[in-house]
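What follows is the residue order along each chain.
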Amino acid sequence: MMQLFYATTSAYVRKVMVCASVLGLADEIERLDSAAHPIERDERIAVFNPLAKVPALRTENGLCLYDSRVICEYLNARAGGDLYPAQGDARWRSLARQALGDGMIDAALLARYEFSARPPEKQWQNWADAQLKKVAAALAEIEGQASSFSTHPNDIGLIAIGCALGYLDFRFAGLNWRDGHPLTAAWFALFDAHPAMAATRPY
């Protein structure tokens, strides 16, 4: 059985588990507790990933894989899935959307860490605002594409974007990202209701 260092709050772990669910591999993954933190290093995770970040996966034969992009591609190859278009513009579009979703998660994490991990005297509002400006720009780009999105998690780019929007709901509810993004909001309402998404919502 594969082993995965796991956190219910991580959008990147969610991305892996959505892929695993869609590919029929979720029951082949043992979920290991972890306490990943930007300052307090969890040495348990470092057994799989020297960066001590989740997600980190070890296969049955001892191969250690990280981060979410590598793990998701491994799971897709293992299952013979089609979450990654094989060639042409469709492939590059999917990978670019994955980068957009992951980038939105990265920016949101940095904004959150500025106030959750740094002491008050070292917090910098301008830094957090700059990260959230990236989130806003990503949302604008997604809004321009959302009318062409599938409502099923059948593409790695859409899975990444869906997990990013779910993270905003979880950690940045006050942003009210649906305001001004009606096409994205309508798409996400259907996408997030899929069983693979519903079963992996952060808590």
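If you're wondering where the values come from, they're calculated on a predicted model, not measured in any experiment.

Caption draft 1: Structural view of the nonpolar core. In terms of nonpolar packing, the biggest core is built from 59 residues, with Leu 4, Met 17, Leu 75, Met 104, Leu 165, Leu 168 and Trp 187 touching the most fellow members. Broken down by element, this core gets its largest block of residues, nine residues, from helix α6 (residues 156–171). When sequence neighbours within four positions are dropped, the list of residues in contact with Leu 4 reads Val 13, Val 16, Met 17, Ile 29, Glu 30, Arg 31, Leu 32, Pro 55, Ala 56, Leu 57 and Ile 71.

Caption draft 2: Inspection of the packing of α6 against helix α7 (residues 182–191) at higher detail. Close contact between α6 and α7 brings their axes to 11 Å; oriented N to C, the two are set at 100 degrees. Between α6 and α7, the angle is such that the two are roughly perpendicular. Along its contact with α6, which presents Leu 158, Ile 159, Ile 161, Gly 162, Leu 165, Gly 166 and Asp 169, the element α7 presents Thr 184, Trp 187, Phe 188 and Phe 191.

Caption draft 3: The sheet that holds strand β3 (residues 56–58), seen in detail. What the four strands build is an open sheet, ordered β2-β1-β3-β4; its pairing is mixed. On the outer flanks of this sheet lie β2 (29–33) and β4 (64–65), each paired with one strand and no other. Direction of pairing for β3 relative to β4: antiparallel, over a ladder of two bridges. Each residue of the ladder has a partner; that of Arg 58, found in β4, is Cys 64.

Caption draft 4: Main features of the side chain of Arg 97. Topologically, Arg 97 is positioned in helix α4 (residues 88–116). Asp 155 provides the closest opposite charge to the buried, unpaired Arg 97, separated from it by 5.4 Å. In this structure, Arg 97 is in contact with Gln 145, Ser 148, Phe 149, Gly 157, Leu 158, Ala 160 and Ile 161, ignoring residues within four places of it in sequence.

Caption draft 5: Representation of the packing of aromatic side chains. Inspection of the entire model under this criterion finds six aromatic pairs. Aromatic side chains Phe 149 and Trp 187 sit 5.0 Å apart centroid to centroid with 75 degrees between the ring planes, which places their arrangement in the edge-to-face category. Of the two residues, Phe 149 is situated in the loop between α5 (125–145) and α6 and Trp 187 in helix α7; the sequence distance between them amounts to 38 residues. Residue classification places Phe 149 among the buried residues on the basis of a relative accessible area of 8%. The class of Trp 187 is buried, set by a relative accessible area of 4%. Three or more aromatic residues link up through ring pairs in this structure, and these residues are Phe 149, Trp 177, Trp 187, Phe 188 and Phe 191. Its end group placed over the ring of Trp 92, Arg 91 keeps NZ or CZ at 5.7 Å from the ring centre.

The rules behind these values
Sequence order as written defines the numbering, with residues in each chain counted from 1. Reporting in this predicted model follows two pLDDT cut-offs: at least 70 for local features of residues, and 80 or more for side-chain atom pairs to be given and counted; totals over whole chains, interfaces and linings ignore these cut-offs and use all residues. Think of the side-chain values as coming from all heavy atoms in the structure, minus any hydrogens and water. As used here, the term nonpolar core means buried Ala, Val, Leu, Ile, Met, Phe, Trp, Tyr and Cys residues forming a set that is joined through side-chain atoms within 4.5 Å. Think of it in three bands: residues with accessible area under 20% of the maximum for their type are buried, residues over 50% are exposed, and the middle band is partly exposed, with areas taken using a 1.4 Å probe on protein chains only. To qualify as a helix, a DSSP run of H or I must reach at least 4 residues; to qualify as a strand, a run of E must reach at least 2; elements of each kind are numbered from the N terminus. When checking whether two residues touch, look at their non-hydrogen atoms; a contact exists if any pair is within 4.5 Å. Between N-to-C directions, angles cover 0 to 180 degrees, with each direction set by a line fitted to C-alpha atoms, over the stretch in contact for helices. Roughly parallel refers to an angle under 35 degrees, roughly antiparallel to one over 145, roughly perpendicular to one between 65 and 115, and oblique to any angle outside these ranges. What makes two strands pair is DSSP finding at least two bridges between them. Asp and Glu are treated as the negative residues and Lys and Arg as the positive ones, with His and the ends of the chain left uncounted. What makes a salt bridge here is a side-chain nitrogen of Lys or Arg within 4 Å of a carboxyl oxygen of Asp or Glu, nothing more. When the centres of two rings from Phe, Tyr and Trp lie within 6.5 Å, Trp using its six-membered ring, the rings pair. Their planes under 30 degrees apart give stacked, over 60 give edge-to-face, and anything left gives tilted. Each ring is checked for a lysine NZ or an arginine CZ that lies within 6 Å of its centre and within 35 degrees of its normal; such an atom marks a charge sitting over the ring.

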